[in-house]
Amino acid sequence: MFLPAIIALVFVTVGYAQVSFGTPEKINKDWYFTLKNAADKPVSEFNNLWQKTDLPHDWSVREPLSPTLASATGYLPGGIGWYGKNLFVPEEKQGAKLFLYFEGVYNRSEVFFNGYSLGKRPNGYISFMYDATPYVRYGEDNCITVRVDHSQSADSRWYTGSGIYRNVWAIYSNPVHIAQWGVYACPVVEKNRGILKVEVEIENESEARSALTVVSELYDLSGIKVANTSGKVNVASGAKGKINFDLRVNKPSLWSVDTPALYTLRTRVLKDGKEIDHAVTTTGFRTFTFDPDKGFALNGQWMKMKGVCLHHDAGVLGAAVPQEVWRQRLLTLKKIGCNAIRTSHNPQAPDLYELCDELGMLVLNEAFDEWEFPKRKWIKGWNVGEPLYQGSYDFFEEWGERDLSDLVRRDRNHPSVFAWSIGNEVDYPNDPYSHPVLDGGKDTGFTQPMFGGYKKDAPDAMRLGGIAMRLVKAVKEYDQSRPVTAGLAGVAMSNRTEYPGALDIAGYNYTESLYAGDHEKYPNRVIYGSENGHSIGAWKAVTDNEYIFGQFLWTGIDYLGESGRWPSRGFYSGLLDFGSFIKPRGYFRQSLWSDKPMAYIGAYPFTQRMANFLSQDAWPVWNYEEGRTIRVVCYTNAAQARLELNGQLVGETKPYDDKTGIIHWDIPFQPGKLEVIGLDQTGKETARYAVRTSSRPYAIRVEKSVAEISENGGLACITLQVVDEKGVPVMISDDEITCTIQGPARLLGLEAGNNHDMTDYTDNRHRVFLGRILAYIQATGETGNVKVDFTSPWLKGAEVEISVK
């Protein structure tokens, strides 16, 4: 272990800094893109083969779906793409440094500036920066070109996207400036006192030694200065220097999942009394404790993590996801009761971490899905046929530790991040590593060979421990305030190696059966569920065992890729669908996780063959053949519930079933209003939920919209529902909706959440699914009024007006 060998491990962290120096300018507008650069080299002019576009941009999701492409990446293509932009640099910028900062480019990118290569970065999830200063032409346009090589289109087990799918910044700074990610703030909280330990790294790229003063000021949420200090540092030409100091705060407000209190750290660098650089870091005081017997405590309060795994795409938007989309998704997950996310299985966009800081969501920040060898990538459907072995393994040896270090330096100030994960299922038995324990036998815990038995020609699982130790060391060099973890898939195999012992806390994927035995065998090991199924049994393994501090469901939201056989866009196990609509299993999870009273009912035809089956996936549809026996299932956190149809009792009051988490009734179908009433132990109503029999589709109704968005890429997420003449949602509708826009806005996409709809997602028409659809409308950079019309044959249309300011 790299941490002291104590029973309880206590960590404290704070804040974030995305662009931590200089004057950053977002340069997302007015780019050019092509998949047809025949010369495959940077150009200085963009002809008619280049289309104009804005960033973020994912070219793969804009291409046609095809059954000839890999199911692993959602039947969508890769390729080699080129981006270009003319950046005007004013004369008055002479003497300043110019850096280009990319939040993420998928993948194997190379950046050119005026034809000169600034560098290459193969990892598609890591943020990086280049110094363009030596090649700047002042007072004129400068040409940025970026080559993106995603020709290995099946290089992931899920959809990755292709292109510059995150923000890009131009940063102007003094030659003497704060280093990239150079502000590190880590607090110590003792009783009612907080000490913010600040480290500032200064880089001197001038030709002379610089005597500097560094000023640090801390402000609370209301803007009141609560602490400040300053110090002096002398940095030689061509060198870096560090300065450390403490900011003391009495009775700091603590960041938590319920009250995410944030502070603002302002760092200024002065030379001869004049400010030459500054940085703003949003911070938050909090403590967390991990104990092998008691689990996890946030700010001294023991709690369970109710977590979900999240990929980085959003259905029709692909990997280029606006911040507002993530805000709505996280708020919906919090409504369900979720309090933690895992960035499966790579770093995500800075927007996500900032939102988690703001909204109060714990983050397990994961770096890799594979190390030195590739995993299987399925082509004809999930676990179907012969796999391919493309991947990121080929640059792991050269870039792995640097990528991990950059992740830690970028995100180490986020109060939401509670742990660093160095890998997911890299120990999956025989994919690729193997070990003799897989043959089973005496003292192995297996009575027969597992995963096909030991493969002598496969990579030796004993290598895992050494690699893990290297990666843990890379993390600890830049942050010792958080534990290092990993998601173990082959726990029984890995237990025979040094891998689990290299970790501070151990994540178990789908191996609840090993919790009790390993807790006894490894009494100092902190264990949690790093990836879990949706069964109530998997959750009871958390609630019934104090030492298991939480679980992370697979998954929180449906995602593209890892698809089944065609037609299938992606993996459909989320609590929310592609359009962020709550699925029935999301309501079931809410009944387990939420502290707020709730009730939900869904229904499906009863059959004798499935008499003992209670579904977590019952849709709220009440349209069946009259007299047919229908099973009605209720998901609730109430102590008991009763069922009424048209105001009459049809289902007697039944207690909550702790074994299944589901109350159910089998009743003959009659049309009308079916309603469940949740009751407490005394019979007092706590919650109710109703579904109604619908008639034919009649109209499109706007369920949710906004009146105003910002001209700078502001986004309106408009939810539509097909209803009958009485306004009852028609869940069985699949009408095609057409969207037309007048004014300074554009349609980013229409998303209904249908996993099996493989039609065109690039036009302005799409079929609803379960009677609903989501439209993403984005401002184009000008102010004015926008009118959005939604129409469908034989239906009464809907209109939305939005002001762009």
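Basis of the calculations
Residues numbered from 1 in each chain as written. Predicted model: local features only at pLDDT ≥ 70, side-chain atom pairs only at ≥ 80, totals over all residues. Heavy atoms only, no water. Helix = DSSP H or I, 4+ residues; strand = E, 2+ residues; numbered from the N terminus. Buried < 20%, exposed > 50% of the residue type's maximum accessible area, 1.4 Å probe, protein only. Contact = heavy atoms within 4.5 Å. Areas by Shrake-Rupley, 256 points an atom, 1.4 Å probe, with all protein chains shown as cover. Lys, Arg positive; Asp, Glu negative; His and termini not counted. Charge placed at Lys NZ, Arg CZ, Asp CG, Glu CD. Salt bridge = Lys/Arg side-chain N within 4 Å of Asp/Glu carboxyl O. Pairing = 2+ DSSP bridges. Axes fitted to C-alpha atoms, helices over the stretch in contact; angles between N-to-C directions. Left-handed = near helix turned anticlockwise from the far one by under 90°. Nonpolar A, V, L, I, M, F, W, Y, C, P; charged D, E, K, R; others polar. Core = buried A, V, L, I, M, F, W, Y, C linked by side-chain atoms within 4.5 Å. Phe/Tyr/Trp six-rings, centres within 6.5 Å; stacked < 30°, edge-to-face > 60°. Lys NZ or Arg CZ within 6 Å of the ring centre and 35° of its normal. Expected span 1.5 Å × (residues − 1). Arc of directions from axis to C-beta. Polar contact = N/O pair within 3.5 Å; in protein donor to acceptor, adjacent residues only side chain to side chain.

S.K.: Break down the overall build of the chain for me, citing the residues and quoting the values.
M.R.: The helix and strand tally for the chain stands at nine helices and 47 strands. Considered along the principal axes of its C-alpha atoms, the chain spans approximately 90 × 70 × 60 Å. Here the chain holds 805 residues, and 61% of them are scored as buried. At a minimum sequence separation of 6, the contacts of the chain that also span at least 24 residues come to 69%. Carbon and sulfur atoms make up 48% of the accessible area of the chain, which totals about 31,800 Å². When the 86 basic and 97 acidic side-chain charges of the chain are each reduced to a single mean position, those positions are 2 Å apart.

S.K.: Break down the pattern of salt bridges for me, with residues and values.
M.R.: A pair can form between side chains of opposite charge whenever their charged atoms are brought close. Using the criterion set out here, one finds 49 salt bridges in the structure. Across the pair Glu644 and Arg642 runs a salt bridge, and its minimum N-O distance is 3.1 Å. If you follow the salt bridges from partner to partner, you end up with Arg157, Asp369, Lys375, Glu425 and Glu562 in one network.

S.K.: Got a sec to walk through the sheet that holds strand β36 (residues 663-668)? Specific residues and values, please.
M.R.: Read from one edge to the other, the open sheet built from three strands follows the order β32-β33-β36, with strand pairing classed as antiparallel. Of all strands in the sheet, those with a lone pairing partner are β32 (599-605) and β36, marking the two edges. The average angle at which neighbouring strand axes cross in this sheet is 25 degrees, direction not considered. Alignment of strand β33 (residues 629-636) against β36, held across six bridges, turns out to be antiparallel. Note on β36: the bridge partner recorded for Val633 is His664. Relative to the sheet, helix α9 (residues 584-593) contacts β32 and β33, its axis offset from that of β33 by approximately 45 degrees.

S.K.: Tell me about the sheet that holds strand β17 (residues 263-271), residues and numbers included.
M.R.: Two pairing modes exist for strands in a sheet, parallel and antiparallel, and in both the strands are linked by backbone hydrogen bonds. Across the sheet, four strands lie side by side as β15-β14-β17-β18; this open sheet has antiparallel pairing. The open sheet terminates on both sides in strands that have one partner only, identified here as β15 (225-235) and β18 (274-283). Taken over all neighbouring pairs, the strand axes of this sheet differ in orientation by 15 degrees on average, direction set aside. Direction of pairing for β17 relative to β18: antiparallel, over a ladder of nine bridges. Bridge pairing in β18 places Thr264 opposite Thr282.

S.K.: Summarise unusual backbone geometry; cite the residues concerned and give the values.
M.R.: Cis geometry is adopted by the peptide bond preceding Asn107, which originates at Tyr106 and carries an omega value of -15 degrees. With an omega of 10 degrees, the peptide bond running from Asp431 to Pro432 counts as cis. A positive phi angle, near 45 degrees, is found at Arg108, a position not held by glycine. Here Arg108 shows up in the loop between β6 (97-102) and β7 (109-113). The exposure class assigned to Arg108 is buried, which follows from its relative accessible area of 17%. For Tyr510, which is not glycine, the phi torsion reads 55 degrees and is therefore positive. Relative to the helices and strands, Tyr510 is located in the loop between β27 (506-509) and α7 (515-521).

S.K.: Now, about the packing of helix α3 (residues 396-411) against helix α4 (residues 463-478): what can you tell me, with residues and values included?
M.R.: Each packed pair of helices is defined by two parameters, the angle between the axes and the distance between the axes. Between α3 and α4, the shortest axis-to-axis distance is 8 Å and the interhelical angle comes to 35 degrees. For the pair α3 and α4, the sense of crossing is right-handed. Across from Phe396, Glu397, Glu401, Leu404, Ser405, Val408 and Arg409 in α3, the residues of α4 making contact are Ile467, Arg470, Leu471, Ala474, Val475 and Tyr478. Here the contact of α3 with α4 is built from residues that sort into eight nonpolar, one polar and four charged.

S.K.: Break down the nonpolar core for me, citing the residues and quoting the values.
M.R.: The tendency in soluble globular proteins is for nonpolar side chains to be buried side by side. Leu330, Trp371 and Ile422 are the most contacted members of the largest nonpolar core, which has 92 residues in total. For this core, the leading source of residues is α4, giving seven residues. Aside from chain neighbours lying at most four places away, what touches Ile422 is Phe368, Trp371, Leu404, Ala468, Leu471, Val472, Val475, Val484, Thr485, Ala486 and Leu503.

S.K.: Please give an account of the pairing of strand β45 (residues 772-779) that cites residues and values.
M.R.: A large share of β45 lies buried, amounting to eight of its eight residues. Residues Arg772, Leu774, Tyr776 and Gln778 of β45 are buried on one face, and the alternating residues Ile773, Ala775, Ile777 and Ala779, pointing to the opposite face, are buried as well. In this structure, strand β43 (residues 745-751) lies alongside β45, joined through six bridges in antiparallel fashion. By the bridge assignment, Ala745 is partnered in β45 with Ala779.

S.K.: Lay out the packing of aromatic side chains in plain terms, naming residues and giving numbers.
M.R.: Summed over all chains, the structure comprises 40 aromatic pairs. On the basis of an interplanar angle of 80 degrees and a centroid distance of 5.6 Å, the ring pair of Trp554 and Tyr559 is categorised as edge-to-face. For Trp554, a relative accessible area of 7% gives the class buried. For Tyr559, a relative accessible area of 1% corresponds to the buried category. Measuring from ring centre to ring centre gives 6.0 Å for Tyr624 and Phe669, while their planes differ by 75 degrees; the resulting arrangement is edge-to-face. Placement of the pair is Tyr624 in the loop between β32 and β33 and Phe669 in the loop between β36 and β37 (673-679), with a sequence separation of 45 residues. Judged by its relative accessible area of 22%, Tyr624 falls in the partly exposed class. Residue class for Phe669 comes out buried when judged on its relative accessible area of 3%. An aromatic cluster is defined as three or more aromatic residues linked by ring pairs; in this entry it consists of Phe288, Phe290, Phe296, Phe418, Tyr528, Phe549 and Phe552. The ring of Tyr219 has Arg266 lying over it, and the distance from NZ or CZ to the ring centre is 5.5 Å.

S.K.: Go over the environment of Val676 with me, naming the residues and quoting the values.
M.R.: One can find Val676 in strand β37. Given a relative accessible area of 0%, Val676 falls into the buried group. For the pair formed by Val676 and Trp31, sequence separation is 645 residues and the distance between their alpha carbons is 54 Å.

S.K.: Summarise helix α1 (residues 323-336); cite the residues concerned and give the values.
M.R.: Helix length check: α1 (14 residues) gives 20 Å between terminal C-alpha atoms against 20 Å at 1.5 Å per residue, within 8%. For α1, the complete set of buried residues consists of Val325, Trp326, Arg329, Leu330, Thr332, Leu333 and Ile336. Looking straight down α1, one finds that the buried residues subtend no more than 160 degrees of arc, so they occupy a single side. For α1, the secondary structure elements touched by its buried residues are β22 (305-309), β23 (340-342), α2 (350-359), α9, β41 (715-723) and β45. Gly337 sits one or two positions beyond α1 and adopts a positive phi of about 120 degrees.

S.K.: Describe the pairing of strand β47 (residues 795-804), listing the residues and the values that go with them.
M.R.: Sheet topology places strand β40 (residues 708-709) next to β47; two bridges connect them, and they run parallel. Residue pairing across strands places Glu708 opposite Ser803, the latter belonging to β47. Pairing of strand β46 (residues 784-792) with β47 involves eight bridges; the strand directions are antiparallel. When the bridges of β47 are listed, Ser792 appears paired with Leu795. Where β46 folds back on β47, the antiparallel hairpin that results is connected by two residues, among which Trp794 adopts a positive phi of roughly 75 degrees.

S.K.: For the environment of Tyr761, give the residues involved together with the corresponding values.
M.R.: Positionally, Tyr761 belongs in the loop between β43 and β44 (765-767). The class for Tyr761 is buried, based on a relative accessible area of 13%. Separated by 23 residues in sequence, Tyr761 and Thr738 place their C-alpha atoms 12 Å apart. Filtering out sequence-adjacent residues up to four positions away, Tyr761 remains in contact with Leu65, Val316, Arg569, Leu750, Glu751, Asn754 and His766. Within polar-contact distance, the side chain of Tyr761 engages the backbone oxygen of Asp757 at 2.7 Å.

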